[in-house]
Amino acid sequence: MTLTQRFIDGLWTRNVATTQLLGLCPLLAVSYNVQNAVGLAVASTFVLVFSSCLISLFRKGIPENIRLPCFVLVIATFTTIAHMIMQAYAWDVYQQIALFVQIIVTNCMILGHVESVASKKDVKTSVVTAMGTALGFSLVLFVLGGIRQLLGLLTPFATQPVGSFFVIGIALAMINYLKGISPQGCTEEPQDEPDYTQQNYERFVQ
Amino acid sequence: MKAIATLTLLALVAGCLLALLQLFTADRIEQNQRDAEEQILAGLVDSTDPEILREQGIELVNAEIRGYGGTMKILVAFRAEEILGVRVLGHGETPGFSEVLKPNDWIGNFEKQSVDEVDAVSGATITTNAVIRAVKDSVRGRKDSNP
């Protein structure tokens, strides 16, 4: 797989939010306006890209049996860095999404990416893949934030953020339609498997 | 053995990195916090300077109490014997439920009613009960210190 392919894979084909359905908790909780959505997108991107870079750099030095504690330690460090920087330079946004910045540590998108890509591939590959994945996540956050902010303005008497599950549900349905995925699963014809029964039968007869 | 060494080294590097960043950001974070507190108090008192407040007969009492999500920092403003108002300076309550702690919401009840009349809010019972308890404690504490 080339780097461009990996990037597009993370951005669209295997988008964490719309295809793998990972990291939905912070995504739905925060995306009720564009400002918060962008705040979380920037923080998540920062943590994902830098953790991938570091872990990929030291992947040969991390023993197999303690890889998870090591990954979590690195991710937690970058999350704390994001948390401190936001507190210092983006106080207002931070006050809105503080809790969801802190739980980036447990975001399956990041741990999943680190485990499946960064700990196995070289730095360039894992950083490019991380960027694609993070950009895909940010894009979903941004679009969802935009739609829901608009919905909030159009909905009278709404005191709480509106429409999280409806908007993501409709968006997922549309994306699946565009990708040609039917409710039964993939529309592509399954590859014909070689028929072993005849051979087995012949062997049995012999 | 290698596992212990790797983890120790990693934790050490991470710790140093965070400590270094803390040096650079601590001042700004503290400044932001102070600005935010001043903004919260803006509708209640003209100034946070104790000298000016004493001339107006206002006394600010700080209280800390455990809420649903950690410690809440609460400030009670007294004029003579009566409560001028209550504000929450910092908290870790669940987003959404913490709406009651905003100046124009439930917490404004302390300005209109006596402490014994203020009721908890259903749905945010732990949060609001904690605030009520903190206010009652500070009233009692003040009575004890100047009888």
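Residues numbered from 1 in each chain as written. Chains lettered and ligands numbered in written order. Predicted model: local features only at pLDDT ≥ 70, side-chain atom pairs only at ≥ 80, totals over all residues. Heavy atoms only, no water.

**Here we look at the state of the cysteines**
All names here are of chain A. The following threshold applies: Pairs of cysteine sulfur atoms within 2.5 Å are identified as disulfides in what follows. Exposure categories follow from relative accessible area, calculated using a 1.4 Å probe and restricted to protein chains: below 20% of the type maximum is buried, above 50% is exposed, and the middle band is partly exposed.
Scanning all chains against the criterion turns up 0 disulfides over all chains. A disulfide-free cysteine, C53 has its sulfur positioned 16 Å from the sulfur of C70, the nearest such atom. Here C108 stays free of any disulfide, with the sulfur of C25 as its closest cysteine sulfur at 9.1 Å. Overall, the relative accessible area of 40% leaves C108 in the partly exposed class.

**Quick look at the interface of chain B and chain A**
We count it as follows: For this analysis, residues touch if any pair of their heavy atoms sits within 4.5 Å. When two parts are put together, the accessible area they lose, computed with a 1.4 Å probe and summed over both, is reported as buried area. When residues are sorted by character, Ala, Val, Leu, Ile, Met, Phe, Trp, Tyr, Cys and Pro go into the nonpolar class, Asp, Glu, Lys and Arg into the charged class, and all the rest, Gly among them, into the polar class.
Listed as interface residues are 19 residues of chain B and, on the opposing side, 20 residues of chain A. For the pair chain B and chain A, the two sides together bury roughly 1800 Å², of which 79% comes from carbon and sulfur. The residue inventory of the side of chain B that touches chain A, partitioned by class, reads 11 nonpolar, 6 polar and 2 charged.

**Comments concerning the pattern of salt bridges**
Residues and elements named next belong to chain B. Formally: Here, a salt bridge means any Lys or Arg side-chain nitrogen found within 4 Å of an Asp or Glu carboxyl oxygen. Numbering of helices and strands runs from the N terminus, with a helix taken as a DSSP run of H or I at least four residues long and a strand as a DSSP run of E at least two residues long.
Taken as a whole and judged by the stated rule, the model has 9 salt bridges over all chains. In this structure, E30 engages R34 in a salt bridge whose closest nitrogen and oxygen atoms are separated by 3.4 Å. Pair noted here: E30 and R34 are both in helix α1 (residues 2–41), with a separation of 4 residues, about one helical turn.

**Describing the packing of helix α1 (residues 3–13) of chain A against helix α7 (residues 123–154) of chain A**
Residues and elements named next belong to chain A. Defined as follows: For every element, the axis is a line fit to its C-alpha atoms; helices are fit only across the contacting stretch, and the angle between N-to-C directions ranges from 0 to 180 degrees. The cut-offs work like this: below 35 degrees is roughly parallel, past 145 is roughly antiparallel, 65 to 115 is roughly perpendicular, and the gaps in between are oblique. Helix crossings are classified by the rotation of the near helix relative to the far one: an anticlockwise turn of less than a right angle makes the crossing left-handed, while a clockwise turn makes it right-handed.
Two elements in contact, α1 and α7, have axes whose closest approach is 6 Å; the angle formed by their N-to-C orientations is 30 degrees. Considering the angle they form, α1 stands roughly parallel to α7. Crossing hand, α1 versus α7: right-handed. Between α1 and α7, the residues in contact are L3, R6, F7, G10 and L11 and K124, T125, V128, T129, M131, G132, T133, L135 and G136, respectively.

**Digging into the side chain of S164(A)**
All names here are of chain A. Along the chain, S164 falls in helix α8 (residues 164–179). By relative accessible area, S164 is classed as buried at 15%. Excluding its chain neighbours within four sequence positions, the residues that come into contact with S164 are L28 and R148.

**Quick notes on the nonpolar core**
Heads up, the condition is: In this text, buried Ala, Val, Leu, Ile, Met, Phe, Trp, Tyr and Cys residues form a nonpolar core when linked through side-chain atoms within 4.5 Å.
The biggest cluster of nonpolar side chains holds 48 residues, and the ones touching the most others in it are L27(A), L40(A) and I110(A). The set of elements that each furnish at least two residues to this core consists of α2 (24–30), α3 (34–57), α4 (67–89), α5 (91–102), α6 (108–118), α7 and α8 of chain A together with α1 of chain B. In terms of residues, this core owes the most to one element, α4(A), which gives 9 residues. The contact partners of L40(A), leaving out residues within four places of it in the chain, are P26(A), V30(A), I97(A), F100(A), V101(A), I104(A) and L141(A).

**Regarding the domain arrangement of chain B**
Applicable threshold: Domain boundaries shown here were taken from an automatic or database domain assignment.
For chain B, the assigned domains read domain 1 (1–41) and domain 2 (50–145). Taken over C-alpha atoms, the centre of domain 1 of chain B sits 30 Å from the centre of domain 2 of chain B.

**Topic: α1(A)**
Residues and elements named next belong to chain A. The cut-off we apply is this: Throughout, the arc means the angular range of directions from the helix axis out to the C-beta atoms.
Looking only at α1, the buried set comprises R6, D9 and G10. For α1, the buried positions fall inside an angular range of 90 degrees around the axis, keeping them on one side. On its buried side, α1 packs onto α6 and α7.

**Some details on a nonpolar patch on the surface**
Residue and element names in this part refer to chain A. Which entries qualify depends on this criterion: Like charges are joined within 9 Å and nonpolar side chains (Val, Leu, Ile, Met, Phe, Trp, Tyr) within 5 Å, but only among residues with over 30% relative accessible area and no salt bridge; these make up the patches. In these tables, accessible area is a Shrake-Rupley quantity obtained with a 1.4 Å probe, and a residue counts as shielded only by the protein chains included in the view.
On the surface, V38, V42, L139, F142, V143, I147 and L151 cluster together into a nonpolar patch covering about 570 Å² of accessible area. Only α3 and α7 provide two or more residues apiece to the nonpolar patch. The dominant element in the nonpolar patch, judged by the number of residues it contributes, is α7, at 5 residues. Given the relative accessible area of 44%, F142 is considered partly exposed.

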